[in-house]
Amino acid sequence: MSTQVPRLLAGLVDDAAYFPPGNASLPEAVAAHRRHRDSWYAGLVGPLLVPASVVVAAALDPLVDPAEGFVVGLIGDTGVERLPAALAALGPAGVTARQVEVAVARRGEDPAPGLAELLRLARGWAGVDVYAEIPLTFGLTAALDTLTAARAGGARVAAKFRTGGLAAELFPTPIELAAVLCACRDRGLPFKLTAGLHHAVRHRDPETGFTHHGFGNVLAATLAAVEGAEVDEVAAVLAATDPLPLVERVRAARDADRPLWVGFGSCSVDEPLTDLIRLGLVNGGES
């Protein structure tokens, strides 16, 4: 691990360049990911996220050398039931899936049936971390309890939540997200986040008018939650727009492992990296 990326930030940003709004072509995304992995900030970067449909279509095969040990995170855009086929298709290309992420229900649907099927299939996926994307609506608490019980039984499963999107209702409020962070804290349940977390500090996008959560807010809020903060206190950290208190809290924990929050996918690695440099949380490539 490079000393230029503190331990607290290790693997924080998964490379989602292929996904909206970045929409890089697959060859562009693969080439850029190699550059990230060879860079001074490589310790910040998780796997390249690719859709299951791309893997099943063998579109990744001509772009990677089986000997290079290319690692991806598999996004289940084809649904839970097609994930085994996608995982099997990675083998001939010499690609390893570090993680699988899939939505187990649409917003407003009961996540229990999809989650049960995912947990059944995951028993056969040795060495793969599985993230069940759960809507922040009906059935959330029961789904978190199910995941917690599965982890207690040895399953490599955790939760995933959406923190943004193309509609205002896809952005949880600070109190809603704080409640989820505290619920995971209370269960010792790791989680991932996706969508909208391009910048470190909470801000309003001038083009869409949507107010985005900051990944620095989330990190500081998670640290607060693990330290025992109540939901309203965690929500206040998520709602903050002054970077100084966030930076101070994060800097104080920089040499520790990141608790609970596994990381987030971003269509741009450069945007979060630039914010971290600007805030003095990584050293900008200087030795």
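Being a predicted model, the structure only gives us computed values, none of them experimental.

**A closer look at the nonpolar core**
Counting residues in each nonpolar core, the largest one holds 90 residues, and the members touching the most others are W125, F161 and W261. The greatest single-element share of this core, amounting to eight residues, is contributed by helix 7 (residues 215-226). Setting aside anything within four residues of it in sequence, one finds F161 in contact with I134, L136, L140, L144, V180, C184, F191, K192, L193 and T194.

**Some thoughts on the pairing of strand 6 (residues 157-162)**
Within strand 6, five of the six residues are buried, which leaves it mostly tucked inside the rest of the structure. Looking at chain direction, strand 5 (residues 129-133) and strand 6 are connected through four bridges and run parallel. Residue pairing in the sheet places V130 in a bridge with V157 of strand 6. Two strands pair when backbone bridges link them, and strand 6 and strand 7 (residues 191-194) are joined in this way by four bridges, in the parallel orientation. Bridge assignment links K160 to a residue of strand 7, and that residue is K192.

**Looking at unusual backbone geometry**
For the bond running from P20 to P21, omega is 0 degrees, close enough to zero to count as cis. Positionally, P21 belongs in the loop between strand 1 (13-15) and helix 1 (26-37). Although it is not a glycine, A195 adopts a positive phi angle of roughly 80 degrees. Relative to the elements of secondary structure, A195 occurs in the loop between strand 7 and strand 8 (203-204). A positive phi angle is found at L260, which is not glycine, with a value near 65 degrees. Mapped onto the fold, L260 is located in the loop between helix 9 (243-252) and strand 10 (261-266).

**Concerning the packing of helix 7 against helix 8 (residues 231-239)**
When two helices pack together, you describe them by how their axes are tilted relative to each other and by the distance separating the axes. At a minimum axis separation of 8 Å, helix 7 and helix 8 run at an interaxial angle of 160 degrees. Relative to helix 8, the element helix 7 lies roughly antiparallel. Note on packing geometry: the crossing formed by helix 7 with helix 8 is right-handed. Every residue of helix 8 that contacts helix 7 at N217, V218, A220, A221 and A225 is listed here: V234, V237, L238 and A239.

**Let's talk about helix 9**
For helix 9, every residue scored as buried is listed here: L246, V247 and V250. Down the axis of helix 9, the sector holding all buried residues measures 95 degrees, keeping them to one side. Among the exposed residues of helix 9, those oriented more than 90 degrees off its buried face are L244 and A252. Buried residues belonging to helix 9 abut helix 7 and helix 8. The N-terminus of helix 9 is capped by D242, whose side-chain oxygen sits 3.1 Å from the backbone nitrogen of L244.

**What to know about the packing of aromatic side chains**
The final tally for this structure, using the stated rule, is six aromatic pairs. With 6.4 Å between their ring centres and 45 degrees between their planes, F161 and F191 make a pair best called tilted. Taken together, the residues F161 in strand 6 and F191 in strand 7 connect sequence positions 30 residues apart. Comparing F161 with F191 shows no difference in burial state: the two are buried. Plain terms: the ring middles of F171 and F210 are 5.2 Å apart, the flat faces sit at 45 degrees to each other, and that makes the pair tilted. Here the residue F171 occupies a position in the loop between strand 6 and helix 6 (174-187), and F210 occupies one in the loop between strand 8 and strand 9 (211-212), the gap between them amounting to 39 residues. Accessibility assignment for this pair places F171 and F210 in one class, buried.

**Brief notes about the pattern of salt bridges**
This structure, assessed with the given rule, holds 14 salt bridges. The partner of R34 in a salt bridge is E68, and the shortest N-O contact between them spans 2.8 Å. Here the residue R34 occupies a position in helix 1, and E68 occupies one in the loop between helix 2 (52-56) and strand 3 (71-75), the gap between them amounting to 34 residues. The partly exposed category is assigned to E68, whose relative accessible area is 33%. A salt bridge links R106 to E109; the nearest nitrogen and oxygen atoms lie 3.7 Å apart.

**Remarks on the sheet that holds strand 7**
Within the closed barrel, the eight strands sit side by side as 1-2-3-4-5-6-7-10. Their pairing is parallel. This sheet shows a mean twist of 30 degrees between the axes of neighbouring strands, independent of strand direction. Relative to the sheet, helix 4 (residues 112-122) contacts strand 4 (96-103), strand 5 and strand 6, its axis offset from that of strand 5 by approximately 175 degrees.

What counts, and at which threshold
- Residues numbered from 1 in each chain as written.
- Predicted model: local features only at pLDDT ≥ 70, side-chain atom pairs only at ≥ 80, totals over all residues.
- Heavy atoms only, no water.
- Core = buried A, V, L, I, M, F, W, Y, C linked by side-chain atoms within 4.5 Å.
- Buried < 20%, exposed > 50% of the residue type's maximum accessible area, 1.4 Å probe, protein only.
- Helix = DSSP H or I, 4+ residues; strand = E, 2+ residues; numbered from the N terminus.
- Contact = heavy atoms within 4.5 Å.
- Pairing = 2+ DSSP bridges.
- Axes fitted to C-alpha atoms, helices over the stretch in contact; angles between N-to-C directions.
- Parallel < 35°, antiparallel > 145°, perpendicular 65-115°, else oblique.
- Left-handed = near helix turned anticlockwise from the far one by under 90°.
- Arc of directions from axis to C-beta.
- Polar contact = N/O pair within 3.5 Å; in protein donor to acceptor, adjacent residues only side chain to side chain.
- Phe/Tyr/Trp six-rings, centres within 6.5 Å; stacked < 30°, edge-to-face > 60°.
- Salt bridge = Lys/Arg side-chain N within 4 Å of Asp/Glu carboxyl O.

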